[in-house]
Amino acid sequence: MFSISAINDSDSRKQWQPLAPTKEAQEYQLSQLYHDGLLRLQAKDYGKARKLLESVLKDPLVSNAQVENSASDGHLLQLRFLALKNLATVFLQQGPSYYENALHCYLQAVEIDNKDSVVWNQLGTLACSMGSLSISRWAFEQGLVCSPNNWNCMEKLLEVLIAIGDEVACLSVAELILTHWPSHSRALHVKSTIEDSEPIPFTPRGIDKLEPIHSRLKFPEKRKAVDDDLDGTPASKKRKQNIEIQLSETSWIAVIGELLEILRPLSMPDCEPERNYRSGDVTLAINLPSSAAKLTGSCETKDNTNGTNNHNSINEKVGMVFEEQPQERRSSRLERLRSRKPGKEEADFPTNKDPAQVVKQFLGPYLMDGTGPINCNYNTDSSHSAEAVADSPDTESTDVIEFLQNSSNNFGAYHLGHLLLEKIASKTILCHDNIAKFLELEKMIRNWGQERTPECSLFLSELYYDIGLQSFEKSAMGSFTSEVSYHLCKIIESTALEYPFQIAGMDEKNNYGVENLSEHNKQSPMDNSSWLRSKQCFWIRFFWLSAHLSILEGDKAKAQKELSVVYSLFVDKEKMNDSPGSVFLPHCKVIKELTADRVIHEMSLIEVDSLLKKSVPEMLEKDMHDKCIDLLAPLLLSAKDVHFDVLHDWGNEGKGFNTIELAALDVLIKSSELAEPMNVGVYLDCHRRKLQTLVTRAGMENSSPEVVLPFYENQSKESLLKQWGHLAAEEVKSISQSISKVKSINNPDEVSKSIPLSIIGDIQSLLLTFICNVANSCLAKKSSELGVQESIEQTEQCYLVEAAIAFCKLQHLNSNVPIKSQAELVVAVHDMLAEFGICCAHGSGEEQEGTFLKLAIKHLLALDMKLKSSIQSVNKGQDTKFDHQISKEDNIKMPESLSQHAQLTASSSGSQSNVLDVEVSDIAKDIASSIENAAFENSSTEKISSDLDKEEMKANCDSNTGYVPDSMCSNEEIENNQSIGSGNELSEDEREELELIIDNALDQCFYCLYGLNLRYDSSSEEDLVKHKNTSQGDYHTKEQCADVFQYILPYAKASSKTGLHKLRRVLRAIRKHFPQPPDDVLAGNVIDKFLDNPELCEDKLSEEAGLEGFLDTMMKIIYPENEPVKQCTSSLDSSNPYQEVYRNLYYFLAQSEEMSATDKWAGFVLTKEGEDFVENNANLFKYDLLYNPLRVESWQRLANLFDEEVDLLLNDGSKQINVLGWRKNAALPQRVEISRRRSRRCLLMTLALAKTAIQQGEIHELLALVYYDGLQNVVPFYDQRSVVPLKDAAWKIFCHNSMNHFKKAFKHKEDWSHAFYVGKLCEKLGYSHDVSFSYYAQAIALNPSAVDPFYRMHASRLKLLCKCEKQNEEALKVVAAHSFDESTKDTVTSILNGIGGENSDALTPIEVGACNSDSDAVGLQKFGRAWNLLYSDCLSALETCVEGDLKHFHKARYILAQGFHRRGGHGDLERAKEELSFCFKSSRSSFTINMWEIDSMVKKGRRKTPGPSGNRRSLEVNLAESSRKFITCIRKYILFYLKLLEDIGDVPILERAYTSLRADKRFILCLEDLMPVALGRYIMTLIKSVRQAGSVSSTTSDNAEHLLEKLFNLFLDQVNLWSDICNLPEFKSPEFTESTLYGYLYQYILLLESNIKVETLEVINEKIRKRLKNPKLSNSNCAKVYRHVSAAWCRSLVINMGLITPLHSRRSTDIHGLSSSGGCLETEQLLCVDLQSEELWCSAFEDPNHLKILETKWNPSLSKIKNVIVKRVSDEDLETATMLLRSAYNFYKDTSCALLPSGINLYMVPAQLATETYIQPGIDGVDILDMNTSRKLLLWAYSLLHGHCANVSNVIKYCEENIKSKMKKGGGSAPSTNAQNVTTGGGKDGTIRTTEPEVQSTVGTTPLAEIHVSSNKAVPETESIQKEVSGLGENQSAQIPAGDAFFDKQ
């Protein structure tokens, strides 16, 4: 709750009233109440639960929810349903006294949802317990409808049927149960009992033997025999004095049935008299059923006098609380079941939709009567009056009880029957289905002796006549007629006795004809007939019935007189202000009402019959149609209703269905049609009356129920109704044709004025009735299975379609109907037909489908034209001509294009629907002619134009059936027919809404008819609906395709490109049958010849382009020797039936297709698929130009297509293919050249066809750009390095052609870009710089805000300054003339002219005798100053191009960087780098490509800072940058930026640039060829840095090593590029050769060896080795480097091991301890090393100078290793020894086959000699080991680590296991092993032998983990050696030469 008031309103705060809660809040509260009720029900608090649920149901929101409005009230209905269901449960729990309430709840619940079988089951169970068996049966049956397999409903229904006694239904249900459960015992018992073929005589049979039994059902009153004693008292033995009768139900039929059972035996002549108590004169005591007790009580209170008499005769049994529905009698039910069709179920299952309701829902709103919709209902008998009220079941029961009470003192069956007939006659009781029983009773008691009243006799006569009218046999009608005559005579007898004198002479007084009725009304009709006036209704009935008897007897004159009496009585009754002028006959089934209109109509028909036989034939023969109309029209068209009893042709019963009225109407229709002028009002009114007659005759819905048919024998009622329905359908088709005829020969306004709208509305209502009936008949043909529907018959489809078309056409007769209503009606009819799945069905007599849809499409297009024409008439004061060429710039107006729809012709098959034939008006023909000739205005092409586009406009118009929409007649009619809603008075929003309605309707029609989804590519929210019979869009024949194309052609001509997208699918389907023009047209394809002719001189054409006669020149080139006339004449030959398709298909298909390859994926045009895509699209325009060579749009679109292909080839090629790859692929450059040539020639032809100066200027510009594009130095043709454009003669011609076209375009329109490009071309051609600068200045003047000409001006000035010498005064003047700063211009001019302050200061006075050299120096100084000022001015101007939002204008930055670099002043190099680095750096990376394509679509910004001169120039980008130009700029900038970095020596950024270019994924394809350049710049910078480091002091040696390491790593990464780098043009110099590069690599290796960096050498050796394994990554140079690295590694190992080898003697105790630890001192041998150092420094492939340096450095230390026994190193060197062992093992694995240095000798020494340090080789027991160097190093390293030697294989195994253990442990610096892994051997003949001498050792191997490095041993001698060599100069290693001699040796 909340309230609202003003903020400053303080007085009304106390008076605030809370607002009502919202609907959502109320629904939420109701849901909470319902939830609380469920909780109370669960807690068994029934009282509280009842209150809560009832409060939910009583809420207005719930109670007012309607089932019909389920869309908005669905949740409320669901809540109401659930509340009722649970409230019923509450009532059931509260006891039997609440059962009735529960029953009401269930009944209301099933009204909401009738699909819940559970509720039906509960309802049936409750009703059964209450005794309402009919409701119970109904509930269980409905439960089975919802759930056919519901066992509860099946079994319970079986028991209820047993209780009712319906044997047939019971048997059917039992069989149904057995179908699902064959062994069901109860069903088997019931079936066997009913089907018992041998019953016991005089015992109950069949179902009478069964009793209802069910565990969940209660039967309070089971069936009992008739003679059972209800009171329980014993029967009396005394014979009764009256006959007791037990009624089965309280109804008149039950009473009559009991009377007939008594009287029938008595009426038989051969029947013996029965006992007196069965006589017809014995008093009857009638007992009522128990259910009538309640009504009995009410009757007793009304009539107390009869209460005592009726006490004995009426059963006083207590009735049930709830009155059950009357049960169907067993006999009637059996009869109905037996008469049903085989295979059908007992009752039809209900459907969700009523077809008639669907039809009314769609078409009802569009009925009209002049002011709005009407409801036409001809069943006037449905109204009620006080005279005749149908008895309800309750009223009938009350009347029966009252009658039986009043007649309890009867004298028997005859007496009671007589009283019954009188009672029924006085009450006019409705018993239509049992009239035969009434009449049978009347015949049996007719001669009883008591006279009947006249009212009773008239009542009976009417019954006889009514049942006679329903008979289908003529003999039966005769017998009934005699009965009618009998009772009428009885009336006459009684009346004659009462009024003997007044009856005479009445006929003479009241004999009036139809023509005298109006005068008769003015008189007092019955002055002396007071006896008639007293009973007017009675005598109206009497004389009317008498007149009909006279008609049946053939006495028409007498009938006329009697009908006159009837009419007089009606008139008199009306004058007496009595009840309304009608007499009701509710007891009659056929004729339920008598009216004055009926009487007049019957009198008129009698007179018409006479006229048809006499006067009318003569009038027709004499063409007296107007007189015939005047005679017949008043007689036939005055009646409102249809009356059947007098419609048949009395004299010609065998004529069929042509009654008198129908025959007369046909005559009147013909006369109205032939009259001059045509009487349209009578013509359509006759059709209305005829359709009304036939519709009613056929017994259709909403018509009168007086279904009386001619008395034909041997013909069923169904067949007659079907034949009448067929006649009605024929009339519907006739009406449709008649409307077309009326529209075709009359002006729409005249038609609208001459036809009353009431006639249109009546016909529409009749058509609605007809459609509803046909729809219902379709529904009635459902199969017996639920949900399976049979297909609608073909004839009924035609009926529906024809009626729908006629309904639409009727609306067109009213010119005042708004366009919106017309469009909505078409949509409604379409939706209605779609509901029945026949929107694409054909009409009657048609072969092709889609009759309605074709009409709908045509009418909707006409409405669209009408709407658009009204809009155009407002905007333009005069008519505009239609231009059928669709322009890309100017959209075609819809009204002009839609005039083409009048030209639609029938398809070649001739199967067009008649309703689609169109009569084309003269104005439409004129417009069509102007369309074909609109594009040809040039006098030189008039003949060609007429030959190409002159077509004869034809229309297949049927004068009888032609139909023309309002908007297709003429322009004047269009203007006259503008009504409210047609366009002029509509607002913009309303007009857009109307256009949307029409477009949506057209889309749906096209989709259904042709399978054309016009929204396929649209983003519309509403999708098209796929109907049941929507076309799949598959066209199987050329004829069908041509037919489809004829219909979409006007739509295509009127559509924009977006609209044509909707036609794409159907156009593609059509093209499958028309893939290309015929072969005779393609044979001499002049278009291809023109585009690819190598002999065509374009230069001459470019010069003539735009001149007078250029079109003639082009046409002569395309069509030499007058070929166009011949070709076009042959192509337009009428022998080709598909000429219109060929002329338009390819053009519109090209418009609808996605022609742009730009939308495809990148690189699409580079593929074969892309090439085919462009070729196919180009073929569409080529095919179109074969038929339309002067269609300018096709030429221009074809040029754009080729130009786009060139752009995409170059743009995508620049990104995905480098220049080398482009040049290798010959197909791609060839495609570019071909497409460029074709584009130029198409543009030349477009230029020839262009009419306006604007168009010519645009084409000139396009041509100039195409020529200019071929001049640019861009990728992928040129690489900006070595491959550059060749400026030959062809290049110069392209320049001249481009310049000429730019100049011509500039003449048409002075655009700055034209002058800009001319200036650039002048510069390319080498014209005077003053000329190019003047064009730039002109471009700047035309567009001062454009940055492009401004940049180009000053960039060219800077370029000129760089080229010219500083003393070139002429060049300086040209540059100064276009200075950016005016002060600079003035200063430079003063300097050059020798005036100005600065000049006088600079030129000091010259002393006498000075030489000429001094004056030359002054001149140079002057020119230098001027040059510097101008150079700075250019740089300042360019700086303004990169300020503010123009910071990404990269072209200016590049020129600026070049300017700084070329000037070369102090700091200019850094400024150049800083300026260009903006494009190659970011906040995250020192090098990245930070450039963006220059886009002209976004205006780039305004300068925020003033220029040097203070000027504020606002600049913006106006020219876009192509992708290829952008890639070219990136390449140029990268090359220049790398050069700047090299000049500066910026190694880190060069390294980053090299790495970034390798990893860049965006530009890797287009920059791949720049990788060697970047690598070369990086290498050169490294070399320069290395040289600089070498020339400085020794403190930079570490830096040199780092640089050399980088260089070596580059070699490892790009080994294959080194030779290519040296051959690049950028690096060709004597200082940069391949030998130089490898020299620096070798220098790095020597540096590592000099510093004995074993591990580093090991690493690079591993990298090179891996490279050698891959042939793609290695070469011969790599192998050479590998040999040097291996040798250096080997020597480094030797030097390191020599340095740590102990040279001093140990104490004997140490040796003894070590020896004894193995336990085998006697057999142990040690390793002795002898180095031959002079051999170590000898190598055939290495530089001897380098080896000499090494020898000098390390020889003093290594020379001491002479016959030294290798012992374990000191603890300080254990880590080094471990590293050497690992490296030696790796060296052993990698270099086993390499050529290694020699000089290492190893000996095996016995352990006894271990006390000595040096051993002589000649001593006994010393063995020399012969093995390769790698194994020697391995043994040496092992001995250093362990102090003893082992077998080589054991050492290798030891190393391998140490590596494995290290890998398992995940790390560790020292390897460890197990001593058991190393086995010892004996002496020379040891047990372990290898291919080499084995090393024997008896000492076990000590694991590394057990070696303690903390031992306090004496410092070994190796330390002194290391100290000696530590001082060797680092300078020696730094001064190692590059070593070119090393490569010379190799």
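It should be noted that the structure appears before, not after, this text.
Residues numbered from 1 in each chain as written. Predicted model: local features only at pLDDT ≥ 70, side-chain atom pairs only at ≥ 80, totals over all residues. Heavy atoms only, no water.

**Focus: the overall build of the protein chain**
- A tally of helices and strands in the protein chain yields 81 helices and eight strands.
- For the protein chain, contacts bridging at least 24 residues in sequence account for 75% of all contacts bridging at least 6.
- Approximately 89,300 Å² of the protein chain is accessible, and the part contributed by carbon and sulfur atoms is 50%. (Helix = DSSP H or I, 4+ residues; strand = E, 2+ residues; numbered from the N terminus. Contact = heavy atoms within 4.5 Å. Areas by Shrake-Rupley, 256 points an atom, 1.4 Å probe, with all protein chains shown as cover.)

**Considerations on unusual backbone geometry**
- In this chain, Glu-676 is followed by Pro-677 through a cis amide linkage whose omega measures -5°.
- Considering the arrangement of structural elements, one finds Pro-677 in the loop between α28 (660–674) and α29 (680–697).
- With an omega of 0°, the peptide bond between Val-1275 and Pro-1276 qualifies as cis.
- Take Pro-1276: it is sitting in the loop between α54 (1253–1269) and α55 (1289–1308).
- The phi angle at Asn-1763 is positive, at roughly 55°, despite the residue not being glycine.

**Focus on the pattern of salt bridges**
- Applying the stated rule across the entire model yields 57 salt bridges.
- The shortest N-O distance in the salt bridge between Arg-137 and Asp-166 comes to 3.0 Å. Of the two residues, Arg-137 is situated in helix α7 (residues 133–146) and Asp-166 in the loop between α8 (151–164) and α9 (167–180); the sequence distance between them amounts to 29 residues. As far as burial versus exposure is concerned, Arg-137 and Asp-166 are alike and both buried.
- A salt bridge links Arg-1768 to Asp-1771; the shortest N-O distance between them is 3.9 Å.
- Where salt bridges share partners, they join Asp-1207, Glu-1233, Arg-1236, Asp-1269 and Arg-1524 into one cluster. (Salt bridge = Lys/Arg side-chain N within 4 Å of Asp/Glu carboxyl O. Buried < 20%, exposed > 50% of the residue type's maximum accessible area, 1.4 Å probe, protein only.)

**Regarding the sheet that holds strand β7 (residues 1800–1806)**
- Pairing is antiparallel in the open sheet, where four strands are placed in the order β6-β5-β7-β8. Only two strands of the sheet have a single partner each, and these edge strands are β6 (1764–1765) and β8 (1823–1825).
- Examined bridge by bridge, strand β5 (residues 1725–1731) and β6 share two bridges and lie antiparallel to one another. Opposite Val-1729, over in β6, you have Val-1764 as the bridge partner. (Pairing = 2+ DSSP bridges.)

**Quick notes on the nonpolar core**
- In terms of nonpolar packing, the biggest core is built from 188 residues, with Leu-363, Phe-770, Phe-852, Ile-1070 and Trp-1195 touching the most fellow members.
- At twelve residues, helix α32 (residues 757–779) tops the list of elements feeding residues into this core.
- With residues near it in sequence (within four places) discarded, Phe-770 still touches Val-695, Met-700, Gly-725, Ala-728, Ala-729, Val-732, Tyr-799 and Ala-803.
- With 187 residues, the next largest nonpolar core counts Phe-1302, Leu-1476, Leu-1541 and Leu-1607 among its residues. (Core = buried A, V, L, I, M, F, W, Y, C linked by side-chain atoms within 4.5 Å.)

**Side note on the pairing of strand β2 (residues 284–287)**
- What you see with β2 is no split at all: Leu-284 and Ile-286 on one side and Ala-285 and Asn-287 on the other are buried throughout.
- Sheet analysis places strand β1 (residues 243–246) next to β2, joined by four bridges and oriented parallel. When the bridges of β2 are listed, Glu-244 appears paired with Ala-285.

**A word on the packing of aromatic side chains**
- Under the counting rule described, the total for this entry stands at 44 aromatic pairs.
- Both rings, one in Tyr-464 and one in Phe-480, keep their centres 6.4 Å apart while their planes meet at 40°; by these two values the pair is tilted. Taken together, the residues Tyr-464 in helix α18 (residues 454–469) and Phe-480 in helix α19 (residues 474–498) connect sequence positions 16 residues apart. Summarising the burial analysis for this pair, Tyr-464 and Phe-480 share the class buried.
- Aromatic side chains Tyr-1554 and Tyr-1578 sit 6.1 Å apart centroid to centroid with 35° between the ring planes, which places their arrangement in the tilted category. In this pair, Tyr-1554 is assigned in helix α66 (residues 1547–1559) and Tyr-1578 in helix α67 (residues 1571–1591), connecting sequence segments 24 residues apart.
- Residue classification places Tyr-1554 among the buried residues on the basis of a relative accessible area of 3%.
- Put simply, the rings of Phe-1074, Tyr-1138, Tyr-1142, Tyr-1146, Tyr-1183 and Tyr-1187 pair up and form one aromatic cluster. (Phe/Tyr/Trp six-rings, centres within 6.5 Å; stacked < 30°, edge-to-face > 60°.)

**A few points about helix α41 (residues 1038–1054)**
- Taking 1.5 Å of rise per residue, 17 residues should cover 24 Å, and α41 covers 24 Å from first to last C-alpha, within 8% of that figure.
- Of all the bends found along α41, the most pronounced is centred on Ile-1048 and spans about 40°, while Pro-1050, a proline, follows it within four residues. (Expected span 1.5 Å × (residues − 1). Bend = angle between axes of the 7 residues up to and from the residue.)

**Concerning the packing of helix α34 (residues 819–835) against helix α40 (residues 988–1010)**
- Closest axis-to-axis distance for the α34/α40 pair is 10 Å, and the angle between their directions is 30°. Compared by their axis directions, α34 and α40 come out roughly parallel. Crossing of α34 over α40 shows left-handed handedness. On α40, the residues touching Ile-819, Lys-820, Ala-823, Glu-824, Val-827 and His-830 of α34 are Glu-993, Leu-994, Ile-997, Ile-998, Ala-1001, Gln-1004, Cys-1005 and Cys-1008.
- By residue class, the composition of the contact of α34 with α40 is nine nonpolar, two polar and three charged. (Axes fitted to C-alpha atoms, helices over the stretch in contact; angles between N-to-C directions. Parallel < 35°, antiparallel > 145°, perpendicular 65-115°, else oblique. Left-handed = near helix turned anticlockwise from the far one by under 90°. Nonpolar A, V, L, I, M, F, W, Y, C, P; charged D, E, K, R; others polar.)

**Thoughts on the side chain of His-1842**
- As for its position among the elements, His-1842 is in helix α77 (residues 1829–1842).
- At a separation of 3.2 Å, a polar atom in the side chain of His-1842 contacts the side chain of Tyr-1854. (Polar contact = N/O pair within 3.5 Å; in protein donor to acceptor, adjacent residues only side chain to side chain.)

**Some details on the environment of Ala-102**
- Residue placement: Ala-102 occurs in helix α5 (residues 99–112).
- It is 6.4 Å that separates the C-alpha atoms of Ala-102 and Leu-92, two residues lying ten residues apart in sequence.

**As for the environment of Thr-693**
- By the element assignment, Thr-693 lies in helix α29.
- Since its relative accessible area comes to 1%, Thr-693 is described here as buried.
- A distance of 2.8 Å separates the side chain of Thr-693 from the backbone oxygen of Arg-689, its partner in a polar contact.

**Digging into the side chain of His-487**
- Locating His-487 in the fold gives a position in helix α19.
- His-487 has contacts with Glu-442, Arg-446, Arg-452, Ser-457, Leu-460, Ser-461 and Tyr-464, leaving out every residue within four places of it along the chain.

**Description of α9**
- Its 14 residues give α9 an end-to-end C-alpha distance of 20 Å, which sits within 8% of 20 Å, the value for a rise of 1.5 Å per residue.
- Inspection of α9 places Glu-167, Ala-169, Cys-170, Leu-171, Val-173, Ala-174, Ile-177 and Leu-178 among the buried residues, and these make up the whole buried set.
- At the N-terminal end of α9, a side-chain oxygen is found 3.3 Å from the backbone nitrogen of Ala-169, two or three residues along, and the residue is Asp-166.

**Side note on the packing of helix α6 (residues 117–130) against α8**
- With their axes 10 Å apart at the nearest point, α6 and α8 run at an angle of 25° to one another. When the axes of α6 and α8 are compared, the pair comes out roughly parallel. The two elements α6 and α8 meet at a crossing, and its hand is left-handed. Side by side, α6 and α8 meet where Ser-117, Asn-121, Thr-125 and Cys-128 of the first sit next to Asn-152, Cys-153, Lys-156 and Val-160 of the second.
- Taken together, the residues of the contact of α6 with α8 break down into three nonpolar, four polar and one charged.

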